[in-house]
Amino acid sequence: MVLQDSPALDRVFNALANPTRRAMLRRLASAEGNISELAQPFEQMTFAGASKHLRVLEEAGLVRRHVQGRTHIFRLEPAVLATADAWLRFYEDLWTEQLDALDTMLKAEDAAAAAPYVKTGD
């Protein structure tokens, strides 16, 4: 079970809360990239702004950086996403159970409401 009060999990959800960072992660899901490549889709973003977003992702453990000369290359770390997924899955299971119970109740009410209209053999 994933700890609900884990600071690491807090950092992951904080990082994922930003649409720019989510877009960067999506890009990294297909290939490694450097800061300039990851900032390119965001026309108004500065190099420093992209670097700050990547630092948040790195501190959350969602990406890893390696340096080649002066170039910083980033890659996705999917294992950390699995931790967030496990936390969310608990709530998915909870909601599925509750929605299944609601479905059963509604079907029973529909059947009870339709019962007076069912013809019985005369």
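**Student:** So what exactly am I meant to see when it comes to the sheet that holds strand S2 (residues 63-68) here?
**Tutor:** Working definition: the strands of a sheet are paired by backbone hydrogen bonds and lie parallel or antiparallel to each other. Spatially, 3 strands are ordered S1-S3-S2 in an open sheet, and the strand pairing comes out antiparallel. Each edge of the sheet is formed by a strand with only one pairing partner; in this case those strands are strand S1 (33-34) and S2. Its contacts with the sheet put helix H4 (residues 47-59) on S2 and strand S3 (71-76), and the angle it makes with S2 is roughly 120°.

**Student:** I'm lost on the confidence of the model for the protein in this one. Help?
**Tutor:** Regions with low pLDDT should not have their predicted coordinates read in detail. Chain-level statistics for the protein give a pLDDT mean of 88 and a share of 91% at 70 or above. Per-element confidence in the protein is highest for helix H2 (residues 19-28), whose mean pLDDT is 97, and lowest for helix H5 (residues 78-114), whose mean pLDDT is 85.

**Student:** Would you mind going over the nonpolar core with me for this structure?
**Tutor:** Among soluble globular proteins, nonpolar side chains are generally buried collectively. Val 12, Leu 25, Leu 54, Leu 57, Leu 62 and Phe 74 are the most contacted members of the largest nonpolar core, which totals 20 residues. Elements represented by at least two residues in this core include exactly helix H1 (7-16), H2, helix H3 (35-39), H4, S3 and H5. With 4 residues, H1 is the single largest residue contributor to this core. Discounting chain neighbours no more than four positions away, the residues touching Leu 57 are Ala 15, Arg 21, Met 24, Leu 25, Leu 62 and Val 63.

**Student:** Would you take a moment to explain H1 for this structure?
**Tutor:** Because each turn of an α-helix spans 3.6 residues, side chains separated by three or four positions in sequence point in the same direction. Looking only at H1, the buried set comprises Leu 9, Val 12, Ala 15 and Leu 16. All buried residues of H1 lie within an arc of 125° about the axis, which places them on one face of the element. Contacts from the buried residues of H1 go to H2, H4 and H5.

**Student:** Could you clarify how one ought to interpret the packing of aromatic side chains in this entry?
**Tutor:** The way to describe two aromatic rings as a pair is by their centre distance and the angle between their planes. Scanning the model with the defined rule gives 3 aromatic pairs in all. Arranged with centres 4.8 Å apart and planes meeting at 50°, the rings of Trp 87 and Tyr 91 form a pair that is tilted. Here Trp 87 pairs with Tyr 91, and both are found in helix H5, just 4 residues apart, close to one helical turn. The partly exposed category is assigned to Trp 87, whose relative accessible area is 22%.

**Student:** Looking at this model, I keep getting lost on the pairing of S3. Mind explaining?
**Tutor:** When a strand is regular, its side chains alternate between the sheet's two faces. Note that S1 and S3 share 2 bridges and pair antiparallel. Paired with Gly 33 across the bridge in S3 is Phe 74. Where S2 and S3 come together, 6 bridges link them in antiparallel fashion. Bridging across to S3, Arg 64 finds its partner in Arg 75. Connecting S2 to the antiparallel partner S3 that follows it, the hairpin turn spans 2 residues, and Gly 69 within it adopts a positive phi of roughly 65°.

**Student:** What is the right way to read the pattern of salt bridges from this model?
**Tutor:** Charged atoms that come close allow side chains of opposite charge to pair. If you walk through the whole model with that rule in mind, you get 6 salt bridges. The salt bridge partner of Asp 85 is Arg 89, with a shortest N-O separation of 2.6 Å. Placement of the pair is Asp 85 and Arg 89 together in helix H5, with a separation of 4 residues, close to one helical turn. A salt bridge links Asp 103 to Lys 107; its shortest N-O distance comes to 3.2 Å. Residue Asp 103 and its partner Lys 107 are both found in helix H5; the two are separated by 4 residues, about one turn of the helix. The class for Lys 107 is exposed, based on a relative accessible area of 54%. Among the ionic contacts, a cluster of salt bridges with common partners joins Asp 85, Arg 89 and Glu 92.

Cut-offs applied
- Residues numbered from 1 in each chain as written.
- Predicted model: local features only at pLDDT ≥ 70, side-chain atom pairs only at ≥ 80, totals over all residues.
- Heavy atoms only, no water.
- Pairing = 2+ DSSP bridges.
- Helix = DSSP H or I, 4+ residues; strand = E, 2+ residues; numbered from the N terminus.
- Contact = heavy atoms within 4.5 Å.
- Axes fitted to C-alpha atoms, helices over the stretch in contact; angles between N-to-C directions.
- pLDDT = per-residue confidence, 0-100.
- Core = buried A, V, L, I, M, F, W, Y, C linked by side-chain atoms within 4.5 Å.
- Buried < 20%, exposed > 50% of the residue type's maximum accessible area, 1.4 Å probe, protein only.
- Arc of directions from axis to C-beta.
- Phe/Tyr/Trp six-rings, centres within 6.5 Å; stacked < 30°, edge-to-face > 60°.
- Salt bridge = Lys/Arg side-chain N within 4 Å of Asp/Glu carboxyl O.

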